[in-house]
Amino acid sequence: MKNPHLFWDCVGKNLLLWGLLILPATSWSQVSVPAHARVAALSGAAVAHPQGDVGFSVLNPALLATAFSGRDSAARSQVVLSGARWPDGLQQAELTAGFLLRNRWVASVGVRQLATASLALTDPSGEVLGSFRAQETDPRIGVAYRLNRNWSVGATLHYSLLAYSQYTSTAVFTDWGAVRTWADGRWAAGLVVKNLGKTVESFGVELPATPVDVQFGLSNRLKYMPMRWSLALTHLETPNLSYDDPNAYDRDPLTGVRTYNPPSLANLALRHVLLGAEFTPSSSLRLQLSYDFRRQIEMRLPTRSSNAGFALGVGLRAGRMQYNYANTSLHVAGRLHQFGLVRTF
């Protein structure tokens, strides 16, 4: 990169905050932003949800093989479209299309687009030179195969392009997943390894590592209640997800010595946990509620109460059309509203 100070003044200060709301700061944190509305309403906990739509393949590519089941068992294709506007003005659009092929194969194509509003282009001294837009495009293709009644496997290939003014960065990722369902369909387990790949071109001299994320999930449809709960354990490859929190220091009023209070074992364990529940009181109505423990831990403020980490959603079905809405509490500074459409053919 010719001028790293120019890049930081132009882009870093505008985008870093919302990148931290999602993942540890890496050059490719944006690949795991909340995707489709129904998926976001479950906070990404539905790694093993066998009754979703093709949009769930962004969580686990093996779920693509279970999307054409239940009321959609006679369908041949499905399209999911979602959009959102982040509190800082970042605009997001997501499209996933799935196609049922022969011999238990299912294929998908999709794309994610993130774009800022107009940003000020400055030099290292802060003088405004003009304006520009920053954007990220992530096209992908996927495939899943149903091995038998109980097992499904899948894989997705991504190509991600970041463009900040005249600077670009590119990477290639792959996701690999498997889902196991039991005979009655009530229990399911899923395993997925996300973002395995390589940075091809970077903003800097070094090529940063991709944000690998190993996840394991469980889900269960209750026998006497129209509800399916989901549990996901994320970033199993990184046992300690803590960071140097300035709020975790105590200062001695006499000596001025600062003492760090490390997080407890329970705190470290909960940072890996996502919980979600989907209620289906009727065939045309879905209600979702979920909680991201890590977001709550990292986004809370010592001086203000916050419901960061909570997400809720609602879905309506009318024939072959589905309408979804998700509301995610990110921080006291704002919430994320997402809207989605699903069309089955």
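Structure: see above.
Summarised in this report is the structure supplied together with it. (Residues numbered from 1 in each chain as written. Predicted model: local features only at pLDDT ≥ 70, side-chain atom pairs only at ≥ 80, totals over all residues. Heavy atoms only, no water.)

## Side note on the side chain of serine 219
Here is step 1: When you line up the elements, serine 219 lands in strand β10 (residues 213–221).
Here is step 2: Classification of serine 219 as buried rests on a relative accessible area of 0%.
Here is step 3: Among the polar contacts listed, one links the side chain of serine 219 to the side chain of arginine 228, at a separation of 2.8 Å.
Here is step 4: If sequence neighbours within four positions are ignored, serine 219 has contacts with Ala48, His49, Pro50, Arg186, Trp187, Ala188, Arg228, Trp229 and Ser230. (Helix = DSSP H or I, 4+ residues; strand = E, 2+ residues; numbered from the N terminus. Buried < 20%, exposed > 50% of the residue type's maximum accessible area, 1.4 Å probe, protein only. Polar contact = N/O pair within 3.5 Å; in protein donor to acceptor, adjacent residues only side chain to side chain. Contact = heavy atoms within 4.5 Å.)

## Quick word on the pairing of strand β6 (residues 134–146)
Here is step 1: Sheet topology places strand β3 (residues 105–115) next to β6; eleven bridges connect them, and they run antiparallel. Its bridge partner being in β6, serine 108 is matched across the sheet by glycine 142.
Here is step 2: Of the strand pairs in this sheet, β6 and strand β7 (residues 151–164) are connected by eleven bridges, and their pairing is antiparallel. Across the sheet, threonine 137 pairs through a bridge with leucine 161, a residue of β7. (Pairing = 2+ DSSP bridges.)

## Side note on the environment of proline 226
Here is step 1: One can find proline 226 in the loop between β10 and β11 (227–233).
Here is step 2: Contacts of proline 226, omitting those with residues within four sequence positions, involve Glu278, Phe279, Thr280 and Pro281.

## A look at the nonpolar core
Here is step 1: Counting residues in each nonpolar core, the largest one holds twelve residues, listed as Trp28, Val31, Leu119, Leu121, Phe132, Ala134, Leu162, Tyr164, Tyr167, Ala171, Phe173 and Phe203.
Here is step 2: Only β4 (119–122), β7 and β8 (167–181) provide two or more residues apiece to this core.
Here is step 3: Element by element, the count of residues in this core is highest for β8, at three residues.
Here is step 4: Residues contacting valine 31, with those up to four places away along its chain left out, are Arg112, Ser160, Phe173, Asn195 and Pro211. (Core = buried A, V, L, I, M, F, W, Y, C linked by side-chain atoms within 4.5 Å.)

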